[in-house]
Amino acid sequence: MAIHDFDDFHDDFPSTSRRVTWPVGVDPRGRAGPTRGQASGPHWRRTGLGLYVPTDVPLTTPQRIVEAAKLLPSDDRAPGGVAGGVTGWGALHWLGGGWFEGSAADGSPLDVDLACSYRRPWPGVAICEEGLDPQELIEVDGVRVTVAVRSVCFMMRRAPSLVAAVRAFDMAAHNDLVSLEEVHDYASEHRGWTGIPQCRDALLHCDENAWSPREVDMRLMWTREAGLARPLTNAPVFDLQGRHIGTPDLLDPVVGVIGEYDGSLHLAGPQRSIDVRREARFRDVGLEVVTMLASDLPDHQAVVGRLRAAYARAEPRARTDRPWTITPPQWWTPTSTVTQRRALTPEQRRRFLAIRRQASKPPR
């Protein structure tokens with residue numbers, strides 16, 4: 001299995017501008033850290049055994065990661081010389097995964113996972129003592145993390161549901177951190193690990209071209225709950241003259257049904273006007289549009305009903321001459337797979353992936 005160099009594909013994701021404060025130990029002079037008296041006062045917060053940061057340091061996602069990383073043993077104290085690293089969502093966030101913010105579905109913070117030998121437990125940190133190959137550790141901006149393929153496989157194996165496992169892969173692939181082939185190969189090489197069956201089952205439903213977690217949810221609802229054919233993700237649609245009509249979240253290219261997820265950012269202001277005009281262009285060429293809203297998330301039956309109704313309307317005209325196509329013109333540069341996006345030049349990434357980068361910014 002090839003482990004790709006982080007710098008090969010991630011030049012357009014900032015890594016050096018993280019605003020973090022590294023925990024420090026006690027300094028009797030009060031220069032490199034607090035004195036013992038200051039450390040026990042109100043202006044310093046304890047982050048680990050003998051480690052502190054000022055109390056006014058906000059507990060952002062990157063800050064939580066560096067505080068957890070400082071708990072890792074040093075190489076000379078680690079069994080076998082393998083000190084371990086941050087894994088799971090924390091590693092993927094640090095590697096540029098825009099959707100990995102370390103929050104559960106209810107908004108509560110998730111523990112930062114550390115792959116290492118036993119360390120003293122600490123609030124907000126979870127220890128995983130599975131075997132660790134030193135080659136699966138890299139250092140990025142001063143933090144040791146497990147490589148992306150191990151980190152996403154860790155999340156998929158331990159996800160609370162198959163849907164959550166698919167979401168973890170899709171959002172890692174969104175930022176080109178992993179490909180389907182890489183995770184499949186890794187899972188095949190670690191058949192005996194806890195949770196591998198769920199990881200392998202999830203790979204059957206994963207996609208390299210999803211742009212947001214809710215797109216993943218709608219796609220799985222489309223197939224697993226509505227029982228409909230698996231749609232394409234973010235496939236560009238063109239008219240017969242080669243003009244780009246739009247790129248819907250989901251598309252059944254056989255029947256001609258489109259699925260769109262509209263979160264809170266889509267409900268007002270300029271974005272709403274853009275969405276309405278785009279939907280009109282789809283409808284003008286005979287495509288059926290089904291929209292899922294945030295209010296549909298607690299109960300999927302309304303969306304399932306709308307999907308089935310759209311199919312009923314679209315199927316009678318599915319085989320007639322259509323004024324749209326998903327075959328791109330010669331000038332179009334495809335970016336639907338991780339391999340295609342990794343092959344882009346830095347300038348092409350800035351030009352062609354601008355919408356993807358915008359889509360990768362929470363809030364959801």
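Heads up: these notes are all about the structure in this document. For every chain, the first residue of the written sequence is number 1, and numbering continues from 1 along that sequence. Confidence filtering applies because this is a predicted model: local features only for residues at pLDDT of at least 70, side-chain atom pairs given and counted only at 80 or more, and all residues used for totals across whole chains, interfaces and linings. Heavy atoms from the whole structure form the basis of all side-chain values; hydrogens and water molecules are not counted.

Between any two strands, pairing holds if DSSP finds at least two bridges. Think of it this way: any DSSP run of H or I at least four residues long counts as a helix, any run of E at least two long counts as a strand, and we number them from the N terminus. An order of S8-S11-S12-S13 is seen for the 4 strands of this open sheet, with the pairing classed as mixed. With one partner strand each, in any of the chains shown, strand S8 (232-233) and strand S13 (288-293) form the two edges of the open sheet. Bridge analysis of S8 against strand S11 (residues 250-252) gives 2 bridges, and the strand direction is antiparallel. The residue bridging Thr233 from the neighbouring strand is Leu250, located in S11. Note on contacts: a residue pair qualifies if any of its non-hydrogen atoms lie within 4.5 Å across the two residues. Here an axis means a line fitted to C-alpha atoms, over the contact stretch when the element is a helix, while the angle between two N-to-C directions is reported on a 0 to 180 degree scale. Lying on the sheet, helix H10 (residues 301-314) is in contact with S11, strand S12 (257-262) and S13; it crosses S13 at an angle near 175 degrees.

Right, let's get into the pairing of strand S7 (residues 143-146). Judged from the 4 bridges that link them, strand S6 (residues 137-140) and S7 form a sheet pairing that is antiparallel. Of the residues in S7, the one forming a bridge with Glu139 is Arg144. Where S6 folds back on S7, the antiparallel hairpin that results is connected by 2 residues, among which Asp141 adopts a positive phi of roughly 50 degrees.

This brings us to the packing of helix H5 (residues 162-174) against helix H8 (residues 213-225). Closest axis-to-axis distance for the H5/H8 pair is 9 Å, and the angle between their directions is 130 degrees. Taken together, the axes of H5 and H8 are oblique relative to one another. H8 is crossed by H5, and the crossing has right-handed handedness. Contact residues: H5 offers Leu162, Val163, Val166, Arg167, Asp170 and Met171, while H8 offers Pro213, Val216, Asp217, Arg219, Leu220 and Arg224. Amino acids outside the nonpolar list (Ala, Val, Leu, Ile, Met, Phe, Trp, Tyr, Cys, Pro) and the charged list (Asp, Glu, Lys, Arg) are all regarded as polar, and Gly is one of them. Among the residues making up the contact of H5 with H8, the classes are represented as 7 nonpolar, no polar and 5 charged. Orientation categories follow fixed angle ranges, with anything under 35 degrees roughly parallel, anything over 145 roughly antiparallel, 65 to 115 roughly perpendicular, and all other angles oblique. Working rule for handedness: look at the near helix, and if it is turned counterclockwise from the far one by less than a right angle, call the crossing left-handed; if clockwise, right-handed.

What follows concerns the sheet that holds strand S9 (residues 237-239). Within a beta sheet, neighbouring strands are joined by backbone hydrogen bonds and run either parallel or antiparallel to one another. In spatial order, the strands read S10-S9-S14; together these 3 strands make up an open sheet with antiparallel pairing. Strands at the two margins of the open sheet, each flanked by one partner only, are strand S10 (244-246) and strand S14 (324-325). Examined bridge by bridge, S9 and S14 share 2 bridges and lie antiparallel to one another. What sits directly across from Phe238, in S14, is Thr325.

What follows covers the packing of helix H4 (residues 148-158) against helix H6 (residues 180-189). Where H4 contacts H6, the axes come no closer than 10 Å and their chain directions differ by 70 degrees. Between H4 and H6, the angle falls in the class roughly perpendicular. Side by side, H4 and H6 meet where Val149, Arg150, Val152, Cys153 and Met156 of the first sit next to Glu182, Val183 and Tyr186 of the second. Split by residue class, the contact of H4 with H6 holds 6 nonpolar, no polar and 2 charged.

Two cysteine sulfur atoms form a disulfide, by the criterion used here, when they sit within 2.5 Å. Within this structure, the stated rule accounts for 0 disulfides. For the unlinked cysteine Cys153, the closest cysteine sulfur is that of Cys199, found at 3.8 Å. Not part of a disulfide, Cys206 finds its nearest cysteine sulfur in Cys199, a span of 7.8 Å. The buried label goes to any residue with under 20% of its type's maximum accessible area, the exposed label to any with over 50%, and the partly exposed label to all in between, with areas taken from a 1.4 Å probe on protein chains only. Under the relative-accessibility criterion, Cys206 is labelled buried at 3%.

Our focus in this paragraph is the pattern of salt bridges. By convention in these notes, a salt bridge is any Lys or Arg side-chain nitrogen within 4 Å of a carboxyl oxygen on Asp or Glu. With the rule as written, the count across this model stands at 19 salt bridges. Between Glu347 and Arg350 there is a salt bridge whose closest N-O contact spans 3.4 Å. Pair noted here: Glu347 and Arg350 are both in helix H12 (residues 346-352), with a separation of 3 residues, about one helical turn.

The subject of this paragraph is the nonpolar core. The nonpolar side chains of soluble globular proteins are, as a tendency, buried together. To form a nonpolar core, buried Ala, Val, Leu, Ile, Met, Phe, Trp, Tyr and Cys residues must be joined to one another through side-chain atoms within 4.5 Å. Judged by nonpolar contacts, the single largest core of 51 residues is most densely connected at Val86, Leu114, Val143, Met156, Phe169, Val178 and Val183. Sort the elements by how many residues they give to this core and H5 lands first, with 8 residues. When residues no more than four places from it in sequence are discounted, the contact partners of Val178 are Ala148, Val149, Val152, Phe169, Ala172, Ala173, Val183, Val338 and Arg342. Counting 17 residues, the second-largest nonpolar core is a separate cluster that includes Leu228, Leu250, Val257 and Val290.

With that settled, consider helix H7 (residues 196-203). Turning to H7, its buried residues number three or more, namely Ile196, Cys199, Ala202 and Leu203. Looking straight down H7, one finds that the buried residues subtend no more than 125 degrees of arc, so they occupy a single side. Where H7 is buried, its residues contact H4, H5 and H6. When we speak of the arc, we mean the arc of directions from the helix axis to the C-beta atoms.

Scope: geometric values only; no functional claims are made or implied.
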